[in-house]
Amino acid sequence: MIKFSKQQLKIPKLMRPVYLVTAGQSKFGRAIPEKRTEELCIDALTQASELIGMSPAELKSYIHSCYYGHFADHFGDQLLGEAVIHDRLGLDPLGNIGVKTGGATGGSTLWEAVKAVASGYSDCVLAMGWERMDEVPTDEGNFLISCAADKDWESPLGHIYTGYYAVMAQRYWQIFGKAEDSFRRTLAEIAVKHHGYARMNPYAQSPMKITVDDVINSPVVAYPLRALDCCLMSVGAACAIICDEKTAEEMTKDSPHKPLRIWVAAGSHTLRPADRRDMEIPLLPNENADQYKDLGKRFPGGDRYPGFTGFLGARMAAWYGYRMAGVKDPLEDLDLVELHDAFTISDVQTYEDIGIRPYGEGRDYVESGDCYHTNPKTGKPGKLPSNISGGLIGCMHAVGATGIMQTFEVATHIWNRWAEIHGDDKRWKEFGRKKPKDWTDLQVKGAKRGMAISHAGVGSHVTSTILMDPDHLL
Amino acid sequence: MSMIGQVFVKGGKYKLKGNFHHLTPNMPIRNADDGWKLMGVTNPRDMTYIHMYGGEAPFFEALGEGKLLGTRCDNPDCEYKGTVYQPFRIHCADCLGKNTVIDMTETAKKKAIIHTFMVCERSGAFNLLDKPIKFINIEFEGVDTILMSYLSVGEPEIGKKVVPIFRTKNPTYTILDLSWVLEGTPKEELPEGFSF
Ligand SMILES: [Zn+2]
């Protein structure tokens, strides 16, 4: 039974305002045989410096400590990979530390970086994440990923992480989705949207112009999930520069964009879904207890919380994050989000965990058209566009970099630089990718606030990273 | 043929016999699109880990004897005294007291239903189960948690009753020694080596 003490429900507090000054990322791909990981990290850092009109050396001169997100040592077959990257970036002898929290590694790296600045330890830090998943064949890759489940109780069961995850999807599919064809089509729509947005993103690994039927006819991975419902396996790097106010102002004096306020909060839940025990739903600021009284009546079997259908870690990351940053209602207060769409169905589960829709009603966020850049029903801007990067399904899931990629994507919108960064013909060429003839500017007009959710495995670690234009705080 | 690595413990020390790793030469990786220039090398490796079950050892031993052990917090000072854990948990998650080991084979035989399931067509390397793998999560009456396992006979469905089967012949001493079948499955249909 989980019951919170008063101390555990303290609203996290940063001792001083913290800013995202700039960010950058490498190309993402299933395999990048021509480059070492450190080359990809240098690509990311170089872009971060260019975006604020600095040379890499100039940018480096501000960095005081470094936070490195890299999940799977066994993929790269290199312990202390952080020390390799740190040396190749020429940042010795600064202090640095490695962070690993599965799929949430990128978000957790930002969490550590923000706290380092908030505490006053450093005025400017580097948060860099990467992953290299192309050094083993796919089935061995699946084996290595399955090592992130409990090795005695779960991993021997097929060594396939999708299976451990999909049992939760199945329960959600039957209880809250009522196993309806219409819900299955809604899930497919998410894959169509994310592969579609990836077409406009030169960094993205899996751009595809597909239909709902293409998704529904793709090979079954774990029913009802099919190949096109699943996230990618990737190689790539992403970084962010986090500063205090004074340093942020100084570093952006010649930059086309201003620094953004940043908050990161985190939650967790059992590594084995098997160990989940019942509890009351922790309420977000836009919810009340009454609205969930009849949840089990409306969705028979849905009264067990978090059961196998909710992600308590995500709920708590939002619980802490919203209160920390002053968010009352994500749908009203935020202008865009990047969510951890490991699978189409977990995307829907997350809508509920973070309060975009109440528990049981996640599908409406897609069906209403609110989640789109342009609502296909009304032709007007979507109310809260999600995963314009293409997300984990369309853009990448280079695990240690993912949460930072999402944060970078949100920032490009608030900076009003999305088209410049994603539309540059030179970049498409450099990455050896063809810019589509119907390339569309997906800038979320007037974006001032956004959030990225970084999520590990079956929900063991989740972070919420909230970004705001400092002139539009809540 | 070299001997498979084996271990026993004596006097608190590991005693090793046989080969724990096998040497395979590395090979160059070349670029077929660019004059077969060198791009990298393969790094083969085959190792055997020595893994201890610690306080969970009785659980894995019992599977091969046809028993499902769980644990219960009996700490009178624990706010949640009486919590029953399956997966077998050595210490109570709430008070961290040492749990009491309980035999819950009969509960599992009479009061176990499928909480959720997944039929998985794929597996990772080193998988030993037949595909498709039917993952099931099992809800037991009076137990606070929901065990993950696999169904060997029958089609899974939420709410269906299942009974445990145990690999009592040549057990592997892993979680794979525990499996499930739908209630009413005749003995003849059990997989090789398993019994009720
Ligand atoms: Zn206890």
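These notes cover the structure that comes with them. (Residues numbered from 1 in each chain as written. Chains lettered and ligands numbered in written order. Predicted model: local features only at pLDDT ≥ 70, side-chain atom pairs only at ≥ 80, totals over all residues. Heavy atoms only, no water.)

Looking now at the environment of Asp181 of chain A. Inspection of the secondary structure assignment puts Asp181 of chain A in helix H8 (residues 181–198). In this structure the C-alpha to C-alpha distance between Asp181 of chain A and Glu50 of chain A, which are 131 residues apart in sequence, comes to 48 Å. (Helix = DSSP H or I, 4+ residues; strand = E, 2+ residues; numbered from the N terminus.)

Moving on: the packing of aromatic side chains. Residues and elements named next belong to chain A. Tallied over the entire structure, the rule returns 22 aromatic pairs over all chains. Each ring, one from Phe176 and one from Phe299, has its centre 5.0 Å from the other, and the planes form 55 degrees; the classification is tilted. Linking Phe176 in the loop between helix H7 (161–175) and H8 with Phe299 in the loop between helix H11 (295–298) and helix H12 (312–325), this pair joins segments that are 123 residues apart in sequence. Judged by its relative accessible area of 8%, Phe299 falls in the buried class. Consider the rings of Tyr351 and Tyr365, whose centres lie 4.6 Å apart with planes at 75 degrees: the pair is edge-to-face. Remark: Tyr365 occurs in helix H15 (residues 363–367) and Tyr351 occurs in helix H14 (residues 344–353); sequence separation between them is 14 residues. (Phe/Tyr/Trp six-rings, centres within 6.5 Å; stacked < 30°, edge-to-face > 60°. Buried < 20%, exposed > 50% of the residue type's maximum accessible area, 1.4 Å probe, protein only.)

Turning to the coordination of the zinc ion, a few remarks are in order. Residue and element names in this part refer to chain B. Coordination of the zinc ion by the protein involves Cys73 (SG), Cys78 (SG), Cys92 (SG) and Cys95 (SG), with metal-donor separations of 2.3 to 2.4 Å. Mapped onto the polypeptide sequence, the residues donating to the zinc ion form the spacing pattern C-x4-C-x13-C-x2-C. Of this pair, Cys73 sits in the loop between strand S5 (69–72) and strand S6 (84–85) while Cys92 sits in the loop between S6 and strand S7 (100–103); the two residues are 19 residues apart in sequence, bridging distant segments of the chain. Each member of the pair Cys73 and Cys92 is classed as buried. (Donors = N, O, S within 2.8 Å, 3.2 Å for Na, K, Ca; no water.)

Residue and element names in this part refer to chain A. Tallied over the entire structure, the rule returns 44 salt bridges over all chains. Arg272 is the salt-bridge partner of Asp275, the closest N and O atoms lying 2.4 Å from each other. Taking relative accessible area as the criterion, Asp275 reaches 8% and is therefore assigned buried. What makes Arg272 buried here is its relative accessible area of 9%. (Salt bridge = Lys/Arg side-chain N within 4 Å of Asp/Glu carboxyl O.)

With that settled, the discussion passes to the sheet that holds strand S8 (residues 260–268) of chain A. Residue and element names in this part refer to chain A. Here we have nine strands laid out as an open sheet, ordered S3-S2-S4-S7-S1-S8-S11-S10-S9, and mixed in their pairing. The two strands at the open ends of the sheet, each matched to only one other strand, are strand S3 (95–99) and strand S9 (336–338). Neighbouring strand axes in the sheet, compared pairwise and without regard to direction, differ in orientation by 25 degrees on average. Where S9 lies against strand S10 (residues 449–455), three bridges are found, and the strand directions are parallel. Bridge assignment links Val337 to a residue of S10, and that residue is Met451. Contacts between helix H1 (residues 37–51) and the sheet are confined to strand S1 (18–25), strand S4 (124–132) and strand S7 (235–244), with S1 contributing the most and set at about 125 degrees to the helix. (Pairing = 2+ DSSP bridges. Axes fitted to C-alpha atoms, helices over the stretch in contact; angles between N-to-C directions. Contact = heavy atoms within 4.5 Å.)

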